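Chain and residue survey
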Amino acid sequence: MPQIPPQAPRWYTASAGRTAEVSLSEQSTLQSHVALCRLRGGGLSGIGSGALTMQGLIATRFATVALVIGALVTGWLWLS
């Protein structure tokens, strides 16, 4: 597991009683961080996202997918 260098910025989701506004320097740092993460992900990030989308699609329609696959296999066996 990669270790975070001590100078890396830490992002918090709570304002801890202060205003929740984002300064321009924080916004700029966050944008550069997101850009760097996207570059590091590259094509594999897109493939992983597509795989997760397909998994979600198939998981929500499991009975339909099983029926279609069963019908295709049955038709292929009947024709051969």
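A brief report on the enclosed structure follows. Values in this document were obtained by computation on a predicted structure and should not be read as measured data.

**Structural notes on the overall build of the chain**
- A tally of regular secondary structure across the chain gives two helices and zero strands.
- Counting across all 80 residues of the chain, residues that qualify as buried make up 0%.
- When the accessible surface of the chain is totalled, it reaches about 7,600 Å², and 67% of it is carbon and sulfur.

**Quick look at a nonpolar patch on the surface**
- On the surface, a nonpolar cluster with roughly 450 Å² of combined accessible area is contributed by Ile 69, Val 73, Trp 76 and Leu 77.
- Looking at where Val 73 falls in the secondary structure, it is placed in helix α2 (residues 62–79).
- The partly exposed category is assigned to Val 73, whose relative accessible area is 43%.

**Focus: α2**
- Compared with an ideal rise of 1.5 Å per residue, which puts 18 residues at 26 Å, α2 spans 26 Å between its outermost C-alpha atoms and is within 8% of the ideal.
- In terms of burial, α2 is a largely surface element, zero of the 18 residues being buried.

The rules behind each value
Residues numbered from 1 in each chain as written. Predicted model: local features only at pLDDT ≥ 70, side-chain atom pairs only at ≥ 80, totals over all residues. Heavy atoms only, no water. Helix = DSSP H or I, 4+ residues; strand = E, 2+ residues; numbered from the N terminus. Buried < 20%, exposed > 50% of the residue type's maximum accessible area, 1.4 Å probe, protein only. Areas by Shrake-Rupley, 256 points an atom, 1.4 Å probe, with all protein chains shown as cover. Patch = residues over 30% accessible without salt bridge, like charges linked within 9 Å, V, L, I, M, F, W, Y side chains within 5 Å. Salt bridge = Lys/Arg side-chain N within 4 Å of Asp/Glu carboxyl O. Expected span 1.5 Å × (residues − 1).

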